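Now for the letters of each chain:
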There are 2 protein chains.
Amino acid sequence: MIKKEKTRRAPTESDVAKLAGVSQSAVSRAFTPGASVAKATREKILHAAQSIGYQPNLLARSLATRRSNIIALAIGNLENPFYAMVVKELSEQLAETGRHILLFTTPKGDEADPALERALSYQVDALVMAASMASIELTMQCQKAGVPIVQINRETKLPGISTVWGENQRAGELVAAFLYKAGHKKYAFVAGTKNSSISQMRQNGFETYLKSAGIKKIKTVYGDYTFEAASIAARSLLSAKNPPDAIFCASDYMAFAVIDVATREFGLNVPKDISVIGVDNVPEAGHSAYDLTTFSQPAGSLVEEAINIIDKMIADPGRRAIRCEVAGELIVRGSAKEPKDGFINNVDNKIWLE
Amino acid sequence: MIKKEKTRRAPTESDVAKLAGVSQSAVSRAFTPGASVAKATREKILHAAQSIGYQPNLLARSLATRRSNIIALAIGNLENPFYAMVVKELSEQLAETGRHILLFTTPKGDEADPALERALSYQVDALVMAASMASIELTMQCQKAGVPIVQINRETKLPGISTVWGENQRAGELVAAFLYKAGHKKYAFVAGTKNSSISQMRQNGFETYLKSAGIKKIKTVYGDYTFEAASIAARSLLSAKNPPDAIFCASDYMAFAVIDVATREFGLNVPKDISVIGVDNVPEAGHSAYDLTTFSQPAGSLVEEAINIIDKMIADPGRRAIRCEVAGELIVRGSAKEPKDGFINNVDNKIWLE
DNA sequence: ATAACTATTGCATACGCATGCAAAAAGCAG
DNA sequence: CTGCTTTTTGCATGCGTATGCAATAGTTAT
């Protein structure tokens, strides 16, 4: 005869209370850190809870406390290992304070709005955006609802959105300096998407340095932050009459695509024939298959600052948006020729211009 | 004078009700698909809701309906792009039915228990495990709570856990056949972790074919599914007196490490000096930097089946665990020598033995 | 026009937990 | 032992939504 284990409902505080001979509120207090319960009572309750396998219902708790301990993460481009790291870091760092991620992947290019509206309905405590964007309306809605938004690695004109980013301008300048001092003459920039201000800042730093060094022509193509689009961009770049010998990519992932196309399709040797530099310093950049020289953008630190901001915004909801820049550095590997006379990494912006 | 936008509480059904001149329950019904409301009333309500920006509180709804539409995903090894794909696929496919992922990353090697206990507290509708494991106690707890568990790409003896996996045995056999027919003599297998049954199945298929073909020695090392450990494993393999010329890796990600070590540290040419084959067919495997021959394991299909199972288990909670295998195929690229006489991919297991 | 239904609606309560408030208990000083 | 302060407890209610049940309005048949 088959024994049918009934799926009995999970025990509640009332069940524990009955068993421990106290009131439901006593049980609630026993599970609330700062609450007023006699030590003996608490232990009696915890013991009773243990014995029937009671676990607090966090949804109910969230409803009562108006704090869900859930953070919405809207993320696009999860194929890019940089964002995979962001997810991992955010998840682990949030877990330290008992919070968790409700995940919303935003199909490429699309705005995150429909997904995020649902996020708000879930009463998330905050909203982190990485490689995806919210509309103005949605932003206002969050503000009205008192849900702080933090963007990682995105810049928007919208006020009221906090942002954490890497050293984009400096990344472009340093990379330009590095390539210039290595003796390159023909430069190209593989941008992200057209409206990515992060990409624009990198480009700006790159061009600013080169122009003041006397380089006029700097070709720009768009890789849309994807492997495929970057491959196409690389093809157009390399098949031109006068192809570049130094390419700066707005992300490591796109740099991989460029290297692939350059070596496989154009038979070029990296870095002998062409130098390629990226941004992010994803783990793969260190793999010898790519051995990519890159400007780092530490996911762990970005996330740490993002959480800081969230905590501050929650503590003081009236507060203005916070913006924060996280330092990176040039990681010299083998995908780009090195300047002969050495290269100082952590140096004031102006110095290399002399 | 600064105007202080008060963070006013979000409107509720009662607010909408008052405005529309109906009862709260009417509002609730207006937002419940199958419910009984007059068309005119519903529209009046929807209009009122619209005008004050009402959004249902999904936590409250979940509490009342005992269905959260939240699926817990416990995932380890997010560095491995295969699992990044699993996350993405699961998130997108769940979103189609209005469900979302509550994410639990499990630090490497650790069991997922502490995290998952919290998951249960969040009243998740189901639990998906990828590259992480639950203890027996935890499993029982889920069963008692009526929360279905689906493992992706993991095999456990525990009864009651549903599982979805790729063709592991066949992967091993096909890869072995491919390498054998290409004329290799010295084989090695880079396993995942010691207790990964998936890795064992692949190994088993690999060895079964080779042994029946007369190959006795097949060296096995452990790469623990990480890039670093696989690199070390590769070093030990290649620095032996009589190193292998054909290496099968239990994952693409480890195969990348092997290729890196072989080419950079040992100066070997792939596939001239050594053939390397992986499993998964992650996007990177197609990049020309690796150009990896591999047995595919389609993340999209695995996830699709996992969701199917979840739905079935939820519909009929008494049901026994479901196990499901998803077909893959050998993707021939450039990291392994090819058999001269061609190679038929989709073929009955036995044929190549002749 | 009246009876017999059916489609809508509101009332009341439940979901599981947190918390202000007042009652009860315990501790303390005199 | 009495009066007062400090803990500890329980009661009652609220968080926002869903839903069984009974009441009401609306429809159709006779």
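Going by the structure above, here's the rest.
Figured I'd write up the structure that's included with this text. Source: prediction; values computed, not measured. Within every chain, residues take consecutive numbers counted from 1 along the sequence as written. Just so you know, chain letters begin at A and ligand numbers begin at 1, following the order they were written in. Per-residue local features of the predicted model are confined to residues with pLDDT of at least 70, and side-chain atom pairs are confined, for both listing and counting, to 80 or more; whole-chain, interface and lining totals are unaffected and use all residues. Computation of side-chain values: all heavy atoms of the structure, hydrogens and water removed.

1. Topic: the overall build of chain A
No. 1: Here a strand is any run of E in DSSP of at least two residues, a helix any run of H or I of at least four, and the numbering for each starts at the N terminus. When helices and strands are counted, chain A shows 12 helices and 12 strands.
No. 2: For chain A, the spread of C-alpha atoms along the principal axes amounts to about 85 × 60 × 40 Å.
No. 3: Only protein chains enter the calculation, and the probe is 1.4 Å; a residue is then buried if its accessible area is under 20% of its type maximum, exposed if over 50%, and partly exposed in between. Looking at chain A as a whole, 54% of its 354 residues qualify as buried.
No. 4: Residue contacts are defined here by distance: any two heavy atoms, one from each residue, within 4.5 Å place the two residues in contact. Relative to all contacts within chain A whose residues are 6 or more apart in sequence, the contacts with residues 24 or more apart total 69%.
No. 5: Residues counted as positive are Lys and Arg, residues counted as negative are Asp and Glu, and His and the chain ends are not counted. To locate a charge, take atom NZ for lysine, CZ for arginine, CG for aspartate or CD for glutamate. Taken as two groups, the 42 positive and 38 negative side-chain charges of chain A have centres that lie 5 Å from each other.

2. A look at the side chain of A:Thr106
Residues and elements named next belong to chain A.
No. 1: Summarising the element assignment, Thr106 is placed in the loop between strand S2 (100-105) and helix H6 (113-121).
No. 2: Relative accessible area serves as the criterion here: at 5%, Thr106 is assigned to the buried category.
No. 3: Not counting residues within four places of it along the chain, the set of residues in contact with Thr106 comprises Ala74, Ile75, Gly76, Ala112, Ala131 and Ser132.

3. Details of helix H12 (residues 299-315) of chain A
Since there are 3.6 residues in each turn of an α-helix, residues three or four apart along the chain are aligned in direction.
Residue and element names in this part refer to chain A.
No. 1: Helices are assigned an expected span. That span is 1.5 Å times one less than the residue count. Taking 1.5 Å per residue, 17 residues should reach 24 Å; H12 reaches 24 Å between its end C-alpha atoms and fits that length.
No. 2: All of the buried residues in H12 are Ala299, Gly300, Leu302, Val303, Ala306, Ile307, Ile309, Ile310 and Met313.
No. 3: Those residues of H12 that are buried are in contact with strand S1 (70-75), helix H5 (81-95), strand S3 (126-130), strand S4 (149-152), strand S5 (162-166) and strand S11 (323-326).

4. A look at the packing of aromatic side chains
Residue and element names in this part refer to chain A.
No. 1: Think of it this way: a Phe, Tyr or Trp ring, Trp meaning its six-membered ring, pairs with another when their centres are within 6.5 Å, and the plane angle makes it stacked under 30 degrees, edge-to-face over 60, tilted otherwise. Per the stated rule, a full pass over the model turns up 19 aromatic pairs over all chains.
No. 2: Ring centres of Phe206 and Phe248 lie 5.0 Å apart, and the angle between their planes is 40 degrees; this geometry places the pair in the tilted category. On the criterion of sequence distance, the pair formed by Phe206 in helix H9 (residues 197-212) and Phe248 in strand S8 (residues 246-249) is long-range, its members being 42 residues apart. Of the two residues examined, Phe206 and Phe248, each falls in the buried class.
No. 3: One aromatic cluster in this structure is built from Tyr187, Phe189, Phe206 and Phe248.
No. 4: The ring centre of Tyr222 lies 4.6 Å from the NZ or CZ of Lys194, which sits over that ring. The rule for a charge over a ring is simple: NZ of Lys or CZ of Arg within 6 Å of the ring centre, and within 35 degrees of the ring normal.

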